[in-house]
Amino acid sequence: MRWSKFLITTLRDDPQEAEIASHKLMLRGGMLRKIAGGLYSFTPLGFRALQKVQRIVREEMNRAGALELLLPALQPIELWETSGRASQMGKSMFRLRDRGDRTMVLGPTHEEVITDYMLHEISSYRQLPCTVYQIQTKFRDEIRPRFGLMRAKEFIMKDAYSFDVSLDAADHSYQAMYDAYVRIFRRCGLRAQPVEADTGTIGGNHSHEFMVLAPSGEDGILFCSACQYAANQERAERQAPPCDYSTPSAEPRTKVATPGAHTVDEAAAAIGCPSDQIVKSLVYLADGKPVMALVRGNAELNECKLRRLLGCSVLEMADPESTAKAAGPFGSIGPVGVSLPVYADFGLKEARDVAVGANEDGFHTAHVNLMDDPDVRIAQWCDIATVTAGDRCPKCGAPLAIERGIEVGHVFKLGTKYTEKFHATYLDDKGQPQTMVMGCYGIGVTRTLQAVVEQNFDDAGIRWPVSVAPFEVVIDLLDPADPACAAIADKLEQDFEAVGVDVLVDDRAERPGVKFKDADLIGFPYRVVVGAKALAKGGVELKNRTTGEIQIVPPDSLVSTVSTHIQKSMPTA
Ligand code: ATP
Ligand code: MG
């Protein structure tokens, strides 16, 4: 393939809109073009890299025994009403009407469609287990599309679904997908770490996310270096921290004027105590019913953990009106004397001398003994605060560390959440109908591609791993008008193609400096320079993009030298 025919436009400067390295580099390297917020076109160059990721995903899914199929992106809303998710998805699901005025959605995911499909396909236990997958476009009206392919409105996902006769059998299907994911990310040249994850609106109890560690990642991940516990901050647990305020105050419970104090810090300043002696009280609506949650003043309430604890499908912060009705004015609420259920973080369990909102604007109540005050009724002590660095590991008690990660894949054990709703049954060996047990498994294919860049770049540009590079080799033909050089480049191009190595010949009439810069920016793993200078030394110049190592190789042995290099550096599963 010739550069002059390949429609590559690189950009000299960082595009304004891009914040993170991989987004900048994919735009500058001419792999991606923005159409509108959260919508991107892949250029011929970018599309090659995308197809390589897809090929790896496909090979490993097939190797794990999954069957590829293709489901429609356009789906009738009725399926979502059957599962109960039509309301849960809210505005993130694109909805439209067809000409017959039927409501349709653009699939954000495919649990509903696949369950409906499988219930018609599967009748007997003899057909199980069965895992199917597709590589397809998904649509989500993200609140904040950003970082290019990382959080887009339209993106490509590989989604797989397993169907089994029992929970035990489903464990095997889950493990097969988990193992396939480990191989996929390794083959893509990614360092990805499985972590325990929240299950979101999908439901079910067991799930892992595959995280690519990178400072730009949107997720916090807590790690224990002592026992290897690793969990997304959305669900990470901790051992209860010791409490500094466990001695009851000599003074009785007292109402204190705190005019204008609506935040923890303002209340602490007004009362004259440290901020962690204040209790943060928050009112939420759990499927519409008000509940109060308490955490220490210097902690954050974790909405994912609270939602899991309550087992509700929608948890939202109560509006000022509902808050006032359930407890008191926004910014001054507290647990004393309220009648709604109060869930308190277990970090407050020993708290016998703390201050809380008085449910009256401009007042707090000091010297509150949460444990023993008859006017404070705690429905449950629970782990609902967000875990941060330094908190104690839930498994072994060692201090946890935090890092940032990009979620590239997610595996769930769903159980019968969908199959029950859809009456997706099979006949067991006694002819009795039983509900199928399901798992679902997603990989953000386009996000994975960009994550590869986020983990593999330097100041000059991208450093593609050979497995997903758009071309493995670029040949910089320095003087296309020189017949001897042109003939060598021609021959090398043919020889590379003959052994299945993807090669691009930079045959543009550009200065060498421009060609070298572009080659580094786009990040081809191997650069071959064909020019009079190297030929005088008896060969062509071969540069390894990752190591920077340069050697002169005779043209005759170049293809075999590079092929050996490629084979050696190809990440194996
Ligand atoms: P996130 O928490 O990042 O919003 P999610 O948990 O909602 O993602 P899943 O429903 O688990 O996503 O989808 C499976 C995979 O699809 C994710 O692991 C991620 O790699 C990818 N993905 C999800 N949303 C997007 C998006 N808006 N743009 C690109 N990829 C996405
Ligand atoms: Mg997820």
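Computed from a predicted structure; not experimentally measured. (Residues numbered from 1 in each chain as written. Chains lettered and ligands numbered in written order. Predicted model: local features only at pLDDT ≥ 70, side-chain atom pairs only at ≥ 80, totals over all residues. Heavy atoms only, no water.)

### Considerations on the overall build of the protein chain
The number of helices and strands found in the protein chain is 15 helices and 31 strands. C-alpha extents for the protein chain along the principal axes are approximately 95 × 65 × 50 Å. The buried share of the protein chain, reckoned over its 573 residues, is 53%. Summarising the internal contacts of the protein chain: among those between residues at least 6 apart in sequence, 70% fall at separations of at least 24. As displayed, the protein chain offers around 25,300 Å² of accessible surface, 51% of which is attributable to carbon and sulfur atoms. (Helix = DSSP H or I, 4+ residues; strand = E, 2+ residues; numbered from the N terminus. Buried < 20%, exposed > 50% of the residue type's maximum accessible area, 1.4 Å probe, protein only. Contact = heavy atoms within 4.5 Å. Areas by Shrake-Rupley, 256 points an atom, 1.4 Å probe, with all protein chains shown as cover.)

### Re the pairing of strand β5 (residues 94-97)
In terms of strand pairing, β5 meets strand β6 (residues 103-106) through four bridges, oriented antiparallel. Considered in β6, the bridge of Phe94 is made with Leu106. Taken together, β5 and the strand that follows it, β6, pair antiparallel across an intervening segment of five residues, in which Asp101 is found at a positive phi of about 65 degrees. (Pairing = 2+ DSSP bridges.)

### What about the nonpolar core?
If you look at the biggest cluster of nonpolar residues, it comprises 59 residues, and the most contacted ones within it are Met61, Tyr181, Ile184 and Trp464. Those residues in contact with Met61 that sit more than four places away from it in its chain are Ala66, Tyr133, Lys158, Ala160, Met177, Ala180, Tyr181 and Ile184. Grouped together as the second largest cluster of nonpolar side chains are 27 residues, Leu69, Tyr418, Met436 and Cys440 included. (Core = buried A, V, L, I, M, F, W, Y, C linked by side-chain atoms within 4.5 Å.)

### Regarding the site of ligand 1
Neighbouring ligand 1 are 14 residues, the closest being Arg140, Glu142, Arg151, Ala152 and Glu407. Residue Ala152 places a main-chain N or O atom 2.9 Å away from a nitrogen atom belonging to ligand 1. Here an oxygen atom of ligand 1 and a side-chain polar atom of Glu407 are 2.6 Å apart. Across the complex, the protein chains shield 85% of the 580 Å² of accessible surface that ligand 1 would expose by itself. Of all the secondary structure elements, the ones that give two or more residues to the shell around ligand 1 are β8 (154-164) and β21 (401-415). (Near = heavy atom within 4 Å. Polar contact = N/O pair within 3.5 Å; in protein donor to acceptor, adjacent residues only side chain to side chain.)

### Quick look at the pairing of strand β27 (residues 473-477)
Counting buried positions along β27 yields five of five residues, so the element is predominantly enclosed. Handedness of the crossover joining β27 and strand β28 (residues 503-506) through helix α12 (residues 483-498) is recorded here as right-handed. (Right-handed = clockwise from strand over helix to strand, strands pointing away.)

### Details of unusual backbone geometry
In this structure, the amide linkage connecting Leu128 to the following residue, Pro129, adopts the cis form with an omega of 0 degrees. Along the chain, Pro129 falls in the loop between α5 (111-121) and β7 (130-139). For Asp101, which is not glycine, the phi dihedral falls at a positive 65 degrees. Note on placement: Asp101 falls in the loop between β5 and β6. With relative accessibility at 52%, the residue Asp101 sits in the exposed group. Of note in the backbone geometry, Phe147 takes a positive phi value of approximately 60 degrees without being a glycine. Mapped onto the secondary structure, Phe147 falls in the loop between β7 and β8.

### Notes on helix α8 (residues 303-310)
For α8, the complete set of buried residues consists of Cys304, Lys305, Leu306 and Arg307. Contacts made by the buried residues of α8 are with β14 (279-286), β15 (289-296) and β16 (315-317). Its side-chain oxygen 3.0 Å from the backbone nitrogen of Cys304, Asn302 forms the N-cap of α8. Of the residues one or two after α8, Gly311 is the one with positive phi, at around 65 degrees.

### A closer look at the sheet that holds β28
In space, the five strands of this open sheet follow the order β28-β27-β29-β30-β31, with mixed pairing throughout. Looking along the sheet, the strands with just one partner apiece sit at the ends: β28 and β31 (550-553). Adjacent strand axes in the sheet meet at a mean angle of 20 degrees when their direction is disregarded. In this sheet, β31 lies alongside strand β30 (residues 540-544) in antiparallel orientation, the contact comprising four bridges. Looking at the pairing, Glu541 lines up with Ile552 of β31. Helix-sheet contacts for α12 involve β27, β28, β29 (526-530) and β30, and the interaxial angle to β27 is about 170 degrees. (Axes fitted to C-alpha atoms, helices over the stretch in contact; angles between N-to-C directions.)

### Structural notes on the state of the cysteines
Using the criterion set out here, one finds zero disulfides in the structure. We note that Cys440 lacks a disulfide partner, and the nearest cysteine sulfur, in Cys130, lies 15 Å from it. Residue classification places Cys440 among the buried positions, given a relative accessible area of 3%. (Disulfide = S-S within 2.5 Å.)

### Focus: the sheet that holds strand β19 (residues 363-368)
Pairing within the open sheet is antiparallel, and its three strands lie in the order β13-β19-β18. The open sheet is flanked by β13 (254-257) and β18 (354-357), the only strands paired with a single partner. The sheet shows a mean angle of 35 degrees between the axes of neighbouring strands, taken without regard to direction. Note that β13 and β19 share four bridges and pair antiparallel. Note on β19: the bridge partner recorded for Val256 is His364.

### Overview of the environment of Asp265
Note that Asp265 resides in helix α7 (residues 264-271). Residue classification places Asp265 among the exposed positions, given a relative accessible area of 57%. Expressed as a C-alpha distance, the spacing of Asp265 and Asn298, which sit 33 residues apart in the sequence, is 9.0 Å.

### Some details on the packing of aromatic side chains
For the coordinates displayed, the defined rule picks out eight aromatic pairs. A centroid spacing of 5.4 Å and a plane angle of 75 degrees characterise the contact between Phe6 and Phe471, whose relative ring orientation is edge-to-face. Of the two residues, Phe6 sits in the segment before α1 (21-28) while Phe471 sits in the loop between β26 (461-462) and β27, which places them 465 residues apart along the sequence. Residues Phe6 and Phe471 agree in their burial class; the two are buried. Aromatic rings pair up to connect Trp3, Phe6, Phe471 and Phe524 into one cluster. Geometry around Phe471 places Arg48 over its ring, the cationic atom sitting 4.0 Å from the centre. Arg527 extends its terminal NZ or CZ atom over the ring of Phe516, reaching a point 4.2 Å from the ring centre. (Phe/Tyr/Trp six-rings, centres within 6.5 Å; stacked < 30°, edge-to-face > 60°. Lys NZ or Arg CZ within 6 Å of the ring centre and 35° of its normal.)

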